[in-house]
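Chain by chain, the residues:
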Amino acid sequence: MARVHSPAEDNRRSKVAHMIGFAAFLLGLGISSLSTGPAMAGDCSSGPTAKVDWSECRKRQLMLGGSQLDNANLYDADLSATDLSNSSLRESNLEKATLIRASLANARAEGARFDRIEAYRAEMGRLAADGASFVAAEMQRVNLAGASLVTADFTKAELGRANFDKADISGARFRLANLSRAVLNNAVVKQPIAFEEAFMFRTRIEGVDLSSSTGLEQDQINLACGDSRTRLPPGLNAPSNWPCPAD
């Protein structure tokens, strides 16, 4: 004999079935998003290879010299004190990466993106970074001596005491950059450099040909430190206090 359910029990069973169905629907959405949606962070267990995704990964104090990291995604990665010397980082994205005391000496990084990096005292001597972007980068006391930085963009970058000695900065852009006490001595300049509204307090420009530069004002030159070999754009004059004493 079939059991007859009360209206209350039928209502309860209907609610349970509805809840089970809704939970299954949500589970299905979760599985779908896991299988087809984009990853939220990089694969931090991957080795150093081209196109590796180390976004937001912690890769501190590692010996990665000579690595092949072209087109890598290193967005917001922590690479503090990591050795990347002699590595290849062409077209890689290092935006917001932490490179405090890291080494990119002799590395290749043409076309790479270093926007908003934090790179206090990083070693970038002889870095090859033509066409790279360093917009709004924090690069106080970074060594870029002998680097190739043709058409590199340092707009709004913090470059206090950065060392560009003998670097090729042809066509580079320093608009709104802080170049306080930076060293540009003997830098190679074969294309006009942009200095619009750059802060140049005691910026060392001894032996630099700035005759074709754009955006330079007399007030900037009065703050900077040049010598008899410094060449200025037409209409600008060397201050009477040149050369400046050593810091």
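See the structure shown above.
Residues take numbers from 1 onward in each chain, read along the sequence in its written order. In view of the model being predicted, local features appear only for residues whose pLDDT reaches at least 70, and side-chain atom pairs are presented and counted only at 80 or more, with totals across whole chains, interfaces and linings using the full set of residues. The side-chain quantities take in all heavy atoms of the structure and omit both hydrogens and water.

### Structural notes on the state of the cysteines
What counts is decided by this rule: Put simply, a disulfide is two cysteine sulfurs that come within 2.5 Å. Runs of E in the DSSP output that reach at least two residues are strands. Runs of H or I that reach at least four are helices, and both are numbered from the N terminus.
Counted according to the given criterion, the structure contains two disulfides. Put simply, C44 and C57 are joined by a disulfide, and their sulfur atoms are 2.0 Å apart. Linking C44 and C57, the disulfide has an S-S dihedral of approximately -90° and is accordingly described as left-handed. Within this pair, whereas C44 is found in the loop between helix 1 (7-36) and helix 2 (218-223), its partner C57 is found in the loop between helix 1 and helix 2, the two being separated by 13 residues in sequence.

### Quick notes on a positive patch on the surface
Here is the rule: Residues with no salt bridge and a relative accessible area higher than 30% make up the patches, which join like charges within 9 Å and nonpolar side chains (Val, Leu, Ile, Met, Phe, Trp, Tyr) within 5 Å. Surface accessibility in these figures is a Shrake-Rupley result with a 1.4 Å probe; residues are shielded only by whichever protein chains are displayed. Salt bridge criterion: a side-chain nitrogen from Lys or Arg within 4 Å of a carboxyl oxygen from Asp or Glu. Positive residues here are Lys and Arg, negative ones are Asp and Glu, while His and the chain termini are left out of the count. Charge positions are represented by NZ for Lys, CZ for Arg, CG for Asp and CD for Glu.
A cluster of basic side chains, namely R101, R121, R141 and R161, defines a positive patch on the protein surface. With respect to the helices and strands, the residue R121 is situated in the loop between helix 1 and helix 2.

### Quick word on the pattern of salt bridges
Applying the stated criterion across every chain yields a total of 11 salt bridges. For R90, the salt bridge identified is with E110, shortest N-O distance 3.4 Å. Placement of R90 in the loop between helix 1 and helix 2 and of E110 in the loop between helix 1 and helix 2 is noted, with a sequence separation of 20 residues between them. A salt bridge links D227 to R229; its shortest N-O distance comes to 2.8 Å.

### Brief notes about the side chain of R202
The following threshold applies: We define a polar contact as two N or O atoms separated by no more than 3.5 Å, with the added condition that, inside protein, one atom must be a possible hydrogen donor and the other a possible acceptor, whereas residues neighbouring each other in sequence contribute only through side-chain atom pairs. Any pair of residues with heavy atoms lying within 4.5 Å of one another is described as a contacting pair.
Take R202: it is sitting in the loop between helix 1 and helix 2. A distance of 3.2 Å separates the side chain of R202 from the backbone oxygen of P245, its partner in a polar contact. The contacts of R202, once residues within four sequence positions are left out, are R181, A182, L223, A224, C225, C244, P245 and D247.

### Some words on the environment of S180
Residue position: S180 is located in the loop between helix 1 and helix 2. Beyond its immediate stretch of four places on either side in the chain, S180 contacts L159, G160, R161, F199, F201 and T203.

### What to know about the packing of aromatic side chains
Rules: We call Phe, Tyr and Trp rings a pair once their centres come within 6.5 Å, taking the six-membered ring for Trp, and we label the pair stacked below 30 degrees between planes, edge-to-face above 60, and tilted otherwise. Between buried and exposed lies partly exposed: a residue is buried under 20% and exposed over 50% of the maximum accessible area for its type, with that area taken using a 1.4 Å probe on protein chains only.
As enumerated under the stated definition, the model contains seven aromatic pairs in all. Geometrically, the ring pair formed by F114 and F134 is stacked, given 4.7 Å between the ring centres and 5° between the ring planes. Of this pair, F114 sits in the loop between helix 1 and helix 2 while F134 sits in the loop between helix 1 and helix 2, placing them 20 residues apart in sequence. Both residues of the pair, F114 and F134, belong to the buried class.

### Description of unusual backbone geometry
Going from W242 to P243, the amide bond is cis rather than trans, its omega being -5°. Assignment of secondary structure puts P243 in the segment after helix 2. Phi angles above zero are rare outside glycine, and K51 is one such case at about 65°. Owing to a relative accessible area of 65%, K51 belongs among the exposed residues under this scheme.

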